[in-house]
Amino acid sequence: MPIPYSRLLLASLAATLSVWFTQSSSAQPIAPAAEEIDRDLFEVTITDLQRLYAQHKYTVTEVTRWHLARIHRYNGIYRAVETVMESAALADAAREDAEAAKGAGTRGPLWGVPIVIKANTSIEGQVTTDGWEGFTRRGYECIAPRDATIVAKLRAAGAIIVGHTNMPDFANSDTNRGTSFGRTGNAYDVRFSPGGSSGGTVTAVTGNMAVLGNGTDTGNSIRMPAATSGLIGVFPTRGLVSTAGIAPLDWLLDNTGPIARTVTDAAIALSVMAGEDPLDPRTADAMGKAQPGPYTRYLQPGALKGKRFGVPAFILKGSGIPFHGLPAAVTDDVAAKLEAEAVTPLQPETLAAFMRAVAELRAAGATVVFDDSILPERFAATASRVGTYPYVREGMDKFLKMFGPAHYHSAADYARVVGAPLGDCVLGKEPANARLGNVTVVQRNLEGDPEAEANYFGPRRRTLEAYLEPMERLHLDGYVYPAIQMPPVDETMPQNGHLSDGPHSATSWVNILGVPAIVVVGGVYPGGMPFGLEFSARPWRDGELLGYAYAWEQATRHRRPPLMVEKGLLLQVP
């Protein structure tokens, strides 16, 4: 007799939850810390931690051990951290303690702060799994020859890296299941999705396994997971922060930024991560356009007073923008069909949570404008025409050239050495994106492509003009909208008749434009899961955007830490 689908799904999840395989040093699990250190370090901020260090209450080693103990305690269930870098973290902590004892050196803004790094971001000597089992194959591991630029900056600021966080294959998913380490659960309820592809980082940070971490974002992958998990997620103006050393999904859309429990911590981390980098040409003129740091200077409790925010009409209507956009050769009728397939309706629960947040914004002194002319449905159609898929392989080849292991420095090298190709999504071979009506998308280099103006540059300029037009016409300081179109989804239950591949958002236009956006804790759904509110602003106004987020945070105080579990919830399947 066939086994019911629901039982198969529960059995699959039970197997995931009952396995604990953490790539770690040979060190034994650390015993839980004493009651006092638990009280002092739970939900600790960077500022609080620096105060504790200044008072000589704890050493960096003690703080690092406390966070490692949290990983050992909860990682078997939540599977947030793929690679626990215990030995290296404790060695770095001991070095900082020794320097402090001697009074040597200056302390950076992240001195002694335990952090996590997403598994697509290179850490020298570690495997950049990118969530994919193919980069972990014995003898062919993608071992990073050097740190990604942001990792080098975070280290120089004194951060202690405790691990690489789990993610889906190549960051190509809205949930957090990958072939190299499996599924990550939401810290608020392990049955629910934390969102992808930075789900490992958000579960680690909201679960107090680290103070903060980095995420990457190609279509929503910092902001959506932050929204599911009661965190701050920053998408900087593209070019403010280097992406060199981060395995790309679509290098024309990719970005990286901090994920933290407070806006102040996010602002401190962004100040460290920002800056020009010769390895990332898009940062070349960042300092000439960006608001000057440190970004904590913009954090004022009254920053929302007198500000005007528009609500994008197309988000409320759920208008679809196909991921990677559509090249110029795609006909209008095919484009309309694909846009219809990408529609993501705004769920009633999310609309209700958003309207509660709008009332709170108005109470904080802001004006919120609803108007059908504010980023209407035609804006989504314009954004859909920014086609990036013809250029995705170029990004992976550039990454492997600079940050690949000794035995392969391109996609072709990988296929030749390993005897199997990289994933279709980074080769530009996914059927859903490579075959659009009668058009077959051929991979090429952006710099030498005569169609680049029609495919990418021209449509992107027109989309940015359409984004800025309502801001000028209605004197808006930014936009505000739900970060995702639905509550976090229960992955023990089928969604639309199949295993959940969500939740989903309507915010990939932020990546297309590269404008700054930030997710804040917008409230709580009736069932207890977090609701995320997103703001976006003009390019290079990152400081002002952080100011709006800080004022919101101080006015509402919505964040509540999760109550985590140490044992699986579905170990017995009837």
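Since we're looking at a predicted model, the values are computed, not measured.

About the cut-offs
Residues numbered from 1 in each chain as written. Predicted model: local features only at pLDDT ≥ 70, side-chain atom pairs only at ≥ 80, totals over all residues. Heavy atoms only, no water. Helix = DSSP H or I, 4+ residues; strand = E, 2+ residues; numbered from the N terminus. Buried < 20%, exposed > 50% of the residue type's maximum accessible area, 1.4 Å probe, protein only. Contact = heavy atoms within 4.5 Å. Core = buried A, V, L, I, M, F, W, Y, C linked by side-chain atoms within 4.5 Å. Phe/Tyr/Trp six-rings, centres within 6.5 Å; stacked < 30°, edge-to-face > 60°. Pairing = 2+ DSSP bridges. Axes fitted to C-alpha atoms, helices over the stretch in contact; angles between N-to-C directions. Salt bridge = Lys/Arg side-chain N within 4 Å of Asp/Glu carboxyl O. Patch = residues over 30% accessible without salt bridge, like charges linked within 9 Å, V, L, I, M, F, W, Y side chains within 5 Å. Areas by Shrake-Rupley, 256 points an atom, 1.4 Å probe, with all protein chains shown as cover. pLDDT = per-residue confidence, 0-100. Polar contact = N/O pair within 3.5 Å; in protein donor to acceptor, adjacent residues only side chain to side chain.

A.B. asks: Just checking my understanding: could you explain the side chain of H67 for this structure?
C.D. replies: Topologically, H67 is positioned in helix 4 (residues 60-78). In this structure H67 comes out as buried when scored by relative accessible area, which is 0%. With near-sequence residues (within four places) excluded, H67 lies in contact with P114, N208, M209, A210 and V211.

A.B. asks: Looking at this structure, I do not really get unusual backbone geometry. What am I missing?
C.D. replies: For residues besides glycine, phi is generally negative; the peptide bonds are generally trans as well. The peptide bond linking G196 to S197 adopts the cis configuration, its omega dihedral lying at 5°. The topology assignment puts S197 in the loop between strand 5 (182-183) and helix 7 (199-206). Following G502, the chain continues into P503 via a peptide bond in cis, with omega recorded as 15°. The backbone phi angle of R79 is positive, close to 50°, even though this residue is not glycine. Relative to the helices and strands, R79 is located in the loop between helix 4 and strand 1 (81-84). The phi dihedral of D130 falls on the positive side, at around 55°, and the residue is not glycine. Structurally, D130 is set in the loop between strand 2 (114-118) and helix 6 (149-156).

A.B. asks: I would appreciate a short explanation of the nonpolar core in the present structure.
C.D. replies: One broad rule of soluble globular proteins: the nonpolar side chains tend to lie buried together. L110, Y295, L304, V480, L533, F535 and L546 are the most contacted members of the largest nonpolar core, which has 109 residues in total. Each residue touching L533, except ones within four places of it in the same chain, is listed here: F354, A357, V480, Y481, I518, V519, V520, G522 and W552. With 31 residues, the next largest nonpolar core counts W251, F379, L474 and V515 among its residues.

A.B. asks: What exactly am I supposed to notice about the environment of F457 here?
C.D. replies: Structurally, the position occupied by F457 is in helix 19 (residues 452-473). Sequence-wise, F457 and P236 are 221 residues apart; in three dimensions their C-alpha atoms are separated by 20 Å. Excluding residues that lie within four positions of it along the chain, F457 makes contacts with L446 and A452.

A.B. asks: Is there a simple way to think about the packing of aromatic side chains in this case?
C.D. replies: Enumeration over the complete set of coordinates arrives at 22 aromatic pairs. Ring plane angle 10° and centroid distance 6.4 Å describe the contact between F135 and Y408, whose orientation is recorded as stacked. You can see F135 sitting in the loop between strand 2 and helix 6 and its partner Y408 sitting in the loop between helix 15 (392-403) and helix 16 (411-418), a full 273 residues away along the chain. Judged by centre distance (6.2 Å) and plane angle (10°), the rings of F399 and F403 are stacked. Within this pair, F399 and its partner F403 are both found in helix 15, separated by four residues, close to a single helical turn.

A.B. asks: I'm lost on the sheet that holds strand 15 (residues 530-536) in this one. Help?
C.D. replies: Ordered in space as 1-3-2-6-8-7-14-15-13-9-10, the eleven strands form an open sheet in which the pairing is mixed. Edge positions in the open sheet fall to strand 1 and strand 10 (367-370), since each of these has one partner strand only. Within the sheet, the average angular offset between the axes of one strand and its neighbour, ignoring direction, is 30°. Here strand 14 (residues 517-524) runs beside strand 15; their pairing, made up of seven bridges, is antiparallel. If you follow V521 over to strand 15, its bridge partner there is G532.

A.B. asks: Looking at this structure, I do not really get the pattern of salt bridges. What am I missing?
C.D. replies: For the coordinates displayed, the defined rule picks out 31 salt bridges. A salt bridge links D92 to R155; the nearest nitrogen and oxygen atoms lie 3.8 Å apart. Taken together, the residues span a long stretch of sequence, with D92 in helix 5 (residues 86-102) and R155 in helix 6 at a distance of 63 residues. The closest approach of N and O atoms between E447 and K398, which form a salt bridge, is 3.0 Å. Residue E447 is located in the loop between strand 12 (439-440) and helix 19, and its partner K398 is located in helix 15; the two are separated by 49 residues in the primary sequence. Given the relative accessible area of 56%, E447 is considered exposed. The exposure class assigned to K398 is partly exposed, which follows from its relative accessible area of 37%.

A.B. asks: Teacher, can you tell me more about helix 9 (residues 263-273) here?
C.D. replies: Count 3.6 residues to each turn of an α-helix, and residues three or four apart come out pointing the same way. Burial within helix 9 is extensive, with nine of its eleven residues counted as buried. Those residues of helix 9 not exposed but buried are V263, D265, A266, A267, I268, A269, L270, V272 and M273. Buried-residue contacts for helix 9 involve helix 3 (46-54), helix 6, strand 6 (212-216), strand 7 (232-235), strand 8 (256-260) and helix 21 (542-556). G275, located one to two residues past helix 9, shows a positive phi value of around 140°.

A.B. asks: Explain a nonpolar patch on the surface here, please?
C.D. replies: The grouping of L351, M355 and F370 at the surface amounts to a nonpolar patch, some 240 Å² of accessible area in total. You can see F370 is positioned in strand 10.

A.B. asks: I tried to follow the confidence of the model for the protein chain on my own but got confused; where do I start?
C.D. replies: Caution applies to low-pLDDT parts of the model: their predicted coordinates are not meant to be read in detail. Considering every residue of the protein chain, the mean pLDDT works out to 93; 93% of them sit at 70 or more. Throughout residues 1-33 the model reports pLDDT below 50, and contacts reaching past four residues in sequence, or to other chains, amount to 61 contacts. Across residues 570-574, where pLDDT falls below 50, the model places eleven contacts with residues more than four positions away in sequence or in other chains.

A.B. asks: Help me out: how do you make sense of the side chain of S319 in this one?
C.D. replies: Structurally, the position occupied by S319 is in the loop between helix 11 (313-317) and helix 12 (332-341). Excluding residues within four positions of it along the chain, S319 makes contact with F314, V343, E377 and A380.

A.B. asks: Even after reading the chapter, I still don't get the environment of D92, so can you show me in this structure?
C.D. replies: We classify D92 as buried; its relative accessible area is 18%. Along the sequence, D92 and T264 sit 172 residues apart, while their C-alpha atoms lie 25 Å from each other. Other than its neighbours up to four places away in sequence, D92 contacts R155 and I160.

A.B. asks: Which parts of the structure should I look at to understand the environment of Q291?
C.D. replies: Within the secondary structure, Q291 sits in the loop between helix 10 (286-289) and strand 9 (308-311). Sequence-wise, Q291 and W540 are 249 residues apart; in three dimensions their C-alpha atoms are separated by 6.5 Å. Leaving out residues up to four positions away in the same chain, Q291 has contacts with Y298, W540, R541, D542, G543 and E544. From its side chain, Q291 meets the backbone nitrogen of E544 in a polar contact 3.0 Å long.

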